[in-house]
Amino acid sequence: MKNTFGQAVTLTLFGESHGAAVGAVLDGLAPGLPVDGDFLRRQLSRRRPTTALDTARQEPDNYQILSGVFQGRTTGTPLTIVIPNENTRSGDYTYGLARPSHADYAAYCKYHGYEDWRGGGHFSGRVTAPLVAAGAILLSALAGVGVTVGTHILRCGDAWDRPFADRAAADVAALQGADFPTLTDEAAQAISAAILAARERQDSVGGITQTAVCGLPAGVGEPWFDSVESLLSHAVFSIGGVKGIEFGGGFSAVCGYGSDFNDSLRMENGRVVTETNRNGGVNGGITNGMDVVFQCAVKPTPSIGQPQQTVDFLRGEDAELTIHGRHDPAIIRRICPVLDSVTALVLCDLLTQRFGTDYLAKGAGL
């Protein structure tokens with residue numbers, strides 16, 4: 001299994017949904033980066049199920065940092081975070097009955113029955129908890145050098161939020177203190193209603209997220225295979241439930257004319273800027289100094305309470321399945337901090353490759 005991402009700054013994930021713990025190892029970080037426990041806990045709380053919009057599985061996420069931090073700062077050696085699993089109900093799952101749109105059957109084909117299938121095992125959204133914990137450290141490091149990241153729900157079902165402004169820094173800052181990941185209160189209410197309506201029908205609902213990165217310097221990334229878009233797409237598609245990604249204007253804008261899509265350039269306070277940002281802050285695979293903006297398609301949660309047709313792949317016969325247990329009617333709220341975290345991982349890796357290991361430590365005054 002390939003569970004490590006990155007070149008200069010790497011992240012390895014481990015653990016299963018119903019195992020003893022889930023965790024992450026961050027390697028390649030500069031020494032001296034502050035580790036803010038309050039911010040780390042706040043990020044975990046953003047991912048954690050807390051309301052009727054989420055699964056009833058409640059986990060306190062009492063994380064432990066086992067290595068790589070001393071006296072509140074990174075040491076520069078591998079940083080290991082472990083989060084115990086404290087609320088599992090393995091009896092809700094039956095091995096052999098493939099849950100539609102889950103990884104059950106694909107995992108069986110790859111691992112020949114040796115995989116831990118309880119609760120989805122290593123494929124479970126539970127494994128995003130240590131990803132978010134590690135992401136909190138990376139997001140803090142980025143903020144120290146003036147780079148901020150934010151994700152909001154752009155659409156869920158038929159309910160919409162407004163998109164980010166072309167200069168998204170104020171919107172991203174507002175999201176940091178928001179109770180619900182939308183830019184308007186009206187959208188929060190409409191999206192919450194759409195999720196609750198899906199739950200009442202024993203169904204689920206998907207949507208679209210939008211992420212903005214503000215403050216990146218121009219010139220980061222590589223042409224072709226390690227373009228900013230390539231690496232972000234790679235990391236984003238590692239998150240279960242993501243089925244599509246588009247940058248800038250994306251699919252809706254590219255069917256027009258170049259005269260409408262092109263971003264005109266001008267000088268602003270001695271800096272090159274663009275009038276619009278339809279290319280999402282990237283040209284030729286390299287950042288152009290504008291906000292990097294992308295949207296993700298997030299599928300409806302596959303676990304629903306309605307009867308579904310499936311197969312028993314151990315017996316080789318058709319079957320009907322009604323899923324029991326505790327499941328989200330939508331994962332789109334909880335996926336927002338996960339998207340922030342994988343974005344931060346890509347950015348820290350790119351910035352370290354471009355400017356050196358100690359670049360991120362500049363924000364810590366080192």
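That block above? That's the structure.
Now for a description of the structure that goes with this document. Keep in mind it's a predicted model, so treat the numbers as computed, not measured. (Residues numbered from 1 in each chain as written. Predicted model: local features only at pLDDT ≥ 70, side-chain atom pairs only at ≥ 80, totals over all residues. Heavy atoms only, no water.)

### Quick look at the sheet that holds strand S11 (residues 242–247)
Right, on to step 1. Strand order in this open sheet of 5 strands is S9-S8-S10-S16-S11, and the pairing throughout is antiparallel. Each edge of the sheet is formed by a strand with only one pairing partner; in this case those strands are strand S9 (159–160) and S11.
Right, on to step 2. As judged from the 7 bridges shared by strand S10 (residues 207–214) and strand S16 (residues 292–298), these two strands associate in the antiparallel manner. In the strand pairing of S16, Ile208 is matched with Ala297. (Pairing = 2+ DSSP bridges. Helix = DSSP H or I, 4+ residues; strand = E, 2+ residues; numbered from the N terminus.)

### Quick word on unusual backbone geometry
Right, on to step 1. Phi at His112 takes a positive value of approximately 60°, unusual for a residue other than glycine.
Right, on to step 2. The phi dihedral of Asn269 falls on the positive side, at around 55°, and the residue is not glycine.
Right, on to step 3. Of note, Asn269 is situated in the loop between strand S12 (265–268) and strand S13 (271–274).
Right, on to step 4. When its relative accessible area of 81% is taken as the criterion, Asn269 is described as exposed. (Buried < 20%, exposed > 50% of the residue type's maximum accessible area, 1.4 Å probe, protein only.)

### Regarding helix H1 (residues 37–47)
Right, on to step 1. Taken as a whole, H1 has its buried residues at Gly37, Phe39, Leu40, Gln43, Leu44, Arg46 and Arg47.
Right, on to step 2. Looking at the buried residues of H1, the elements they touch are strand S7 (79–84), helix H3 (128–144) and helix H9 (332–355).
Right, on to step 3. Two or three places before Asp38, at the start of H1, stands the capping residue Asp36, its side-chain oxygen 3.0 Å from that residue's backbone nitrogen. (Contact = heavy atoms within 4.5 Å. Polar contact = N/O pair within 3.5 Å; in protein donor to acceptor, adjacent residues only side chain to side chain.)

### Here we look at the sheet that holds strand S2 (residues 10–15)
Right, on to step 1. Taking strand neighbours across the sheet as the criterion, the 5 strands line up as S1-S2-S3-S7-S4 in an open arrangement whose pairing is antiparallel. Two strands bound the open sheet, and with one partner strand each, they are strand S1 (4–5) and strand S4 (64–67).
Right, on to step 2. Relative to S2, S1 runs antiparallel, the two sharing 2 bridges. Its bridge partner lying in S2, Thr4 is registered against Thr12.

### Here we look at the environment of Phe294
Right, on to step 1. Turning to its location among the elements, Phe294 is positioned in strand S16.
Right, on to step 2. For the pair Phe294 and Leu232, spaced 62 residues apart in sequence, the C-alpha to C-alpha distance is 9.3 Å.
Right, on to step 3. Ignoring anything within four residues of it in the chain, the contact list for Phe294 reads Thr209, Gln210, Thr211, Leu232, Val236, Ile245, Glu246, Phe247 and Thr343.

### What about the packing of H3 against H9?
Right, on to step 1. Two numbers describe how H3 lies on H9: the axes approach to 8 Å, and their chain directions differ by 50°. On the basis of their axis angle, the class for H3 and H9 is oblique. The two elements H3 and H9 meet at a crossing, and its hand is left-handed. Each of Thr128, Leu131, Val132, Gly135, Leu138, Leu139 and Leu142 in H3 lies in contact with H9, whose residues at this interface are Pro337, Val338, Asp340, Ser341, Val342, Ala344, Leu345, Leu347, Cys348 and Leu351.
Right, on to step 2. Across the contact of H3 with H9, the residue classes tally to 13 nonpolar, 3 polar and 1 charged. (Axes fitted to C-alpha atoms, helices over the stretch in contact; angles between N-to-C directions. Parallel < 35°, antiparallel > 145°, perpendicular 65-115°, else oblique. Left-handed = near helix turned anticlockwise from the far one by under 90°. Nonpolar A, V, L, I, M, F, W, Y, C, P; charged D, E, K, R; others polar.)

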